[in-house]
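# Observations on chain architecture
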Amino acid sequence: PAVASAQINSGPDNSGSATPGITNGGGQTSIGKPERVKVKDVQPTMVDLSWKAPEGDAEVAGYNIYYNGDEIASTKKNRFTIEGLSPGTAYKYSIRAVGVGDELSPPSKEISVTTSSLDATDPAVASAQTNPGPVNSGSSTPGITKGGGQTSIGIPERATVKNVQPTMVTLAWKAPNGDAEVAGYNIYYDGDKIASTKQRKFTIEGLSPGTAYKYSIRAVGVGDELS
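Our focus in this paragraph is the sheet that holds strand β6 (residues 79-83). Read across the open sheet, the three strands follow the order β2-β3-β6; overall the sheet is antiparallel. With partners counted over all chains shown, the strands left at the sheet margins are β2 (35-43) and β6, one partner each. Strand after strand, the sheet turns through a mean of 20° between neighbouring axes, direction not considered. Pairing of β2 with strand β3 (residues 46-52), which is carried by six bridges, proceeds in the antiparallel orientation. Bridging from a neighbouring strand, E35 pairs with K52 of β3.

What follows is the structure in structure tokens.
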């Protein structure tokens, strides 16, 4: 989904009373359109847009943001976050500069963005689906202490995805139930250990955009026993 956010299309026609690029008084505005509209971040329910100021010397008082040609927000900055969106949905936005006399620039090029999906094939959801611990090929059997007794360490709870980007995900989880002392956690990708941490949060980087990944977490006891 994050790859689709880079697709830029031609700007929409404006159906309002003012013709783009024309002042309310009928004279040609000197304000150019905002340039290089980009998606800085995309999440299941929000997108963060940014753009460059228009070229030229005309003074810009602010910017209007349009969804499918309809004005939805205004800002004085060159960046705006749109929230309350639906996961896995395509949206089209354009930006127009506003002059000190309320004259409007032509619309920027329209940008298409698709919010991250929450279906089972999305990296965010697939990452949160923790799997049973894999069979360990070492000398210790998972869930059994080196002395042969059953470990009292429970599994980490409520593994969730805190953030997802085109090339990284941040995972978080709750400590296991019970009184057993936990020394740290191992992170597994498709059953293979890829990292260890003493925190209950970990960021995995260097991923491929639009790719599904599955992770699981195992607690590590003070005697190296695994949950």
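Before going further, it helps to spend a moment on the sheet that holds strand β11 (residues 182-189). The sheet built from three strands is open, its strands ordered β12-β11-β14 with antiparallel pairing. Looking at the sheet topology across the chains shown, the edges are occupied by β12 (192-197) and β14 (215-221). Here the strands of the sheet are splayed against their neighbours by 30° on average, with no regard to which way each runs.

Here strand β4 (residues 60-67) runs beside strand β7 (residues 90-99); their pairing, made up of seven bridges, is antiparallel. Counted as the bridge partner of G62 is V98 from β7. Alignment of β4 against strand β5 (residues 70-75), held across five bridges, turns out to be antiparallel. Looking at the pairing, Y66 lines up with E71 of β5. If you look at the hairpin formed by β4 and β5, you'll find two residues sitting between the two strands, and N68 has a positive phi there, around 50°.

Cut-offs used in this document
Residues numbered from 1 in each chain as written. Predicted model: local features only at pLDDT ≥ 70, side-chain atom pairs only at ≥ 80, totals over all residues. Heavy atoms only, no water. Pairing = 2+ DSSP bridges. Helix = DSSP H or I, 4+ residues; strand = E, 2+ residues; numbered from the N terminus. Axes fitted to C-alpha atoms, helices over the stretch in contact; angles between N-to-C directions.

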